[in-house]
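# Secondary and tertiary structure notes
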Amino acid sequence: MLNTGMAMLLALTPQAPQPTADNFAKWRTFIQPSSTEQAYRDIGWRNELWPAVQEARRLGRPLLFWTMNGHPLGCT
Amino acid sequence: MSREFVTVADEVYMLYPEDQWNLKRVKDKPAHQFFKRFGEAMPAGDWNHPGTKQGLYMIGPDGEYLEGKFAASGVPDDIKARMRRALVRWQDLRRKKKYANKPVPEVVSTLPARVDGKEFVLRVHSRDLPRENGPTGKRFDAKVDAKAGWMEFTKWAWNENWQAVDDWRAFVPAKGNKPQEVDGGVVQRLAREMLIDNVRGQAGKWPKDALKKVVLTMQRGPSAKGRVTITYRGEVDLDDGDRSIRATLYGQGLYDPKARDLVKFELVALGTRKGAHRFNQRSRDPGPAPIGFAITRWVAPTPAAKGR
């Protein structure tokens, strides 16, 4: 949901807005994910399968493995 | 979840490649063999073979099947049910095999391996900007959107990317108040690797000859508490014939001369994207349409930090 400030900015700008000292922080916040959108980072993800397998074996614990084309934690 | 499982995220393509040439390269690697053995113990329909192995899998320490599903991300209730079943199966398995079942240590979510531990890492976000009559600019609303079809994600998609910059000192201007150009090689790499329209899916970096115009200037401002303020301004024009991005950049930095560290680096690029590339799902929405990028230095939180 756009906040009022952002809606006013959009009303005053053409299709591709220009970043300036005045609106920079608002656009940065708009583009960056909200805490809800990045909730997946609240989970303590290790970043490589094989070392995690070694850890699971040491602990005698199961793995939860999330895998994608392109690293799920970014770098797509 | 982090207390029950050793949680791990990793790239799948080179773990279980779909093409024979790459498969040959990895077939003897222990991680591939471990994952393959697990997959072959899964029920038909949950393990996708031949085809993509993207998904969510619950695996015993020796590769035993607990649960899992390829391409599982679209149905949250199904994932929850599978995790519950996995934990029930785990209780049986650990007793049978006498697994130690020691507490899983709390860890902070790491970065992808290729940037993890690097000195200066930039976190790059891209997002569609609102359009007067377009489908984008929407934010995910769990109440309304949780059961939407998977392609609906394009309405609220955003992307996160990470890049390490070894020559970050190029973003620190020499003494004096006049605007200075940031080293061309550094700026070109920033444009080619970070200003990519991957809001909705994968797209490759820009080829060198796509750089039509790339300029970034930096200027020292007043110091505050011993730290030098820096302002960045720039412009990019990227076009490889199939896709283009034209954007204006503005940013701010904070340099600590005592620590010789660029403690804050934040850039915003706003502009217009056009065309499609690889798997970025733009063929049905080629634009031109507004797009935004936020590029900020990543500062690792301490293990105790919450709400990242």
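Above this text you will find the structure in question.
An account of the accompanying structure is given in this report. Small disclaimer: the values here were computed from a predicted structure and weren't measured. (Residues numbered from 1 in each chain as written. Chains lettered and ligands numbered in written order. Predicted model: local features only at pLDDT ≥ 70, side-chain atom pairs only at ≥ 80, totals over all residues. Heavy atoms only, no water.)

### Comments concerning the interface of chain B and chain A
- Contact residues are listed per partner, giving 90 residues for chain B and 56 residues for chain A.
- Taking both sides of the interface into account, the surface hidden between chain B and chain A amounts to around 6,800 Å²; carbon and sulfur atoms contribute 58%.
- Counting the surface chain B buries against chain A, the share from its top three residues, V6, V8 and D10 of chain B, is 11%.
- The residue E266 of chain B makes a salt bridge to R28 of chain A at a minimum N-O spacing of 2.8 Å.
- Summed over the shared surface of chain B and chain A, the result is 39 residue pairs in polar contact (both at pLDDT 80 or more).
- Grouping the amino acids of the side of chain B that touches chain A by side-chain chemistry returns 47 nonpolar, 24 polar and 19 charged.
- Relative to strand β2 (residues 55-59) of chain B, strand β1 (residues 63-68) of chain A is paired through five bridges, and the arrangement is antiparallel. Each residue of the ladder has a partner; that of L64 of chain A, found in β2 of chain B, is M58 of chain B. (Contact = heavy atoms within 4.5 Å. Buried area = accessible area lost by both parts, 1.4 Å probe. Salt bridge = Lys/Arg side-chain N within 4 Å of Asp/Glu carboxyl O. Polar contact = N/O pair within 3.5 Å; in protein donor to acceptor, adjacent residues only side chain to side chain. Nonpolar A, V, L, I, M, F, W, Y, C, P; charged D, E, K, R; others polar. Pairing = 2+ DSSP bridges. Helix = DSSP H or I, 4+ residues; strand = E, 2+ residues; numbered from the N terminus.)

### Description of the pattern of salt bridges
Residue and element names in this part refer to chain B.
- Applying the stated criterion across every chain, the model contains 30 salt bridges over all chains.
- Notably, a salt bridge pairs R169 with E119, separated by 3.9 Å at the nearest N-O pair. Within this pair, whereas R169 is found in the loop between β5 (158-164) and β6 (180-181), its partner E119 is found in the loop between α3 (76-97) and β4 (121-128), the two being separated by 50 residues in sequence.
- With its nearest N and O atoms 2.6 Å apart, the salt bridge here joins D128 to R282. In this pair, D128 is assigned in strand β4 and R282 in the loop between β10 (261-275) and β11 (289-297), connecting sequence segments 154 residues apart.
- Each member of the salt-bridge network shares a partner with another, and the members are D128, R131, D197, R200, R273, R282 and D285.

### Topic: the packing of aromatic side chains
- What the rule picks out here adds up to 21 aromatic pairs over all chains.
- Ring plane angle 50° and centroid distance 5.2 Å describe the contact between W45 of chain A and W66 of chain A, whose orientation is recorded as tilted. With W45 of chain A in the loop between α2 (24-31) and α3 (49-59) and W66 of chain A in strand β1, this residue pair connects regions lying 21 residues apart in the sequence.
- Overall, the relative accessible area of 3% leaves W45 of chain A in the buried class.
- Between K53 of chain B and the ring centre of W47 of chain B, over which it is positioned, the NZ or CZ distance is 5.3 Å. (Phe/Tyr/Trp six-rings, centres within 6.5 Å; stacked < 30°, edge-to-face > 60°. Buried < 20%, exposed > 50% of the residue type's maximum accessible area, 1.4 Å probe, protein only. Lys NZ or Arg CZ within 6 Å of the ring centre and 35° of its normal.)

### Brief notes about the sheet that holds β11 of chain B
- Strand order in this open sheet of eight strands is β5-β4-β11-β10-β9-β8-β7-β6 (chain B), and the pairing throughout is antiparallel. The sheet terminates laterally at β5 and β6 of chain B, the two strands that pair on one side only.
- As defined by bridge partners, β6 of chain B adjoins strand β7 (residues 211-224) of chain B across two bridges and the pair is classed as antiparallel. The residue of β7 of chain B that forms the bridge with Q180 of chain B is M218 of chain B.
- Against the sheet, α2 of chain A contacts β4, β9 (243-256), β10 and β11 of chain B, and its axis sits at roughly 75° relative to β10 of chain B. (Axes fitted to C-alpha atoms, helices over the stretch in contact; angles between N-to-C directions.)

### Description of unusual backbone geometry
All names here are of chain B.
- Of note, the bond from H49 into P50 is cis; its omega dihedral lies within 30 degrees of zero at -5°.
- Looking at the element boundaries, P50 is found in the loop between α2 (30-40) and β2.
- In this model, G287 is joined to P288 through a cis peptide bond whose omega is 5°.
- Relative to the assigned elements, P288 resides in the loop between β10 and β11.
- In this model, N101 sits at a positive phi of 55°, which is unusual for a non-glycine residue.
- For N101, the location among the structural elements is in the loop between α3 and β4.
- Here K225, not a glycine, exhibits a phi torsion of approximately 55°, which is positive.
- Note that K225 resides in the loop between β7 and β8 (227-239).

### So, the side chain of N159 of chain B
- Its place among the elements puts N159 of chain B in strand β5.
- Polar side-chain contacts of N159 of chain B include one of 3.1 Å to the side chain of N198 of chain B.

### Quick word on the sheet that holds β2 of chain B
- Pairing is mixed in the open sheet, where four strands are placed in the order β1(B)-β1(A)-β2(B)-β3(B). Each edge of the open sheet carries a strand with a single partner, namely β1 (6-11) and β3 (65-70) of chain B. The mean inter-strand angle of the sheet, taken between neighbouring strand axes irrespective of direction, is 15°.
- By the bridge criterion, six bridges tie β1 of chain A to β1 of chain B in an arrangement that is parallel. Bridge assignment links M68 of chain A to a residue of β1 of chain B, and that residue is E11 of chain B.
- Across the sheet, α3 of chain A lies against β1 of chain A together with β1 of chain B, angled at about 165° from β1 of chain B, the strand it touches most.
- Lying on the sheet, α3 of chain B is in contact with β1 of chain A together with β2 and β3 of chain B; it crosses β3 of chain B at an angle near 160°.

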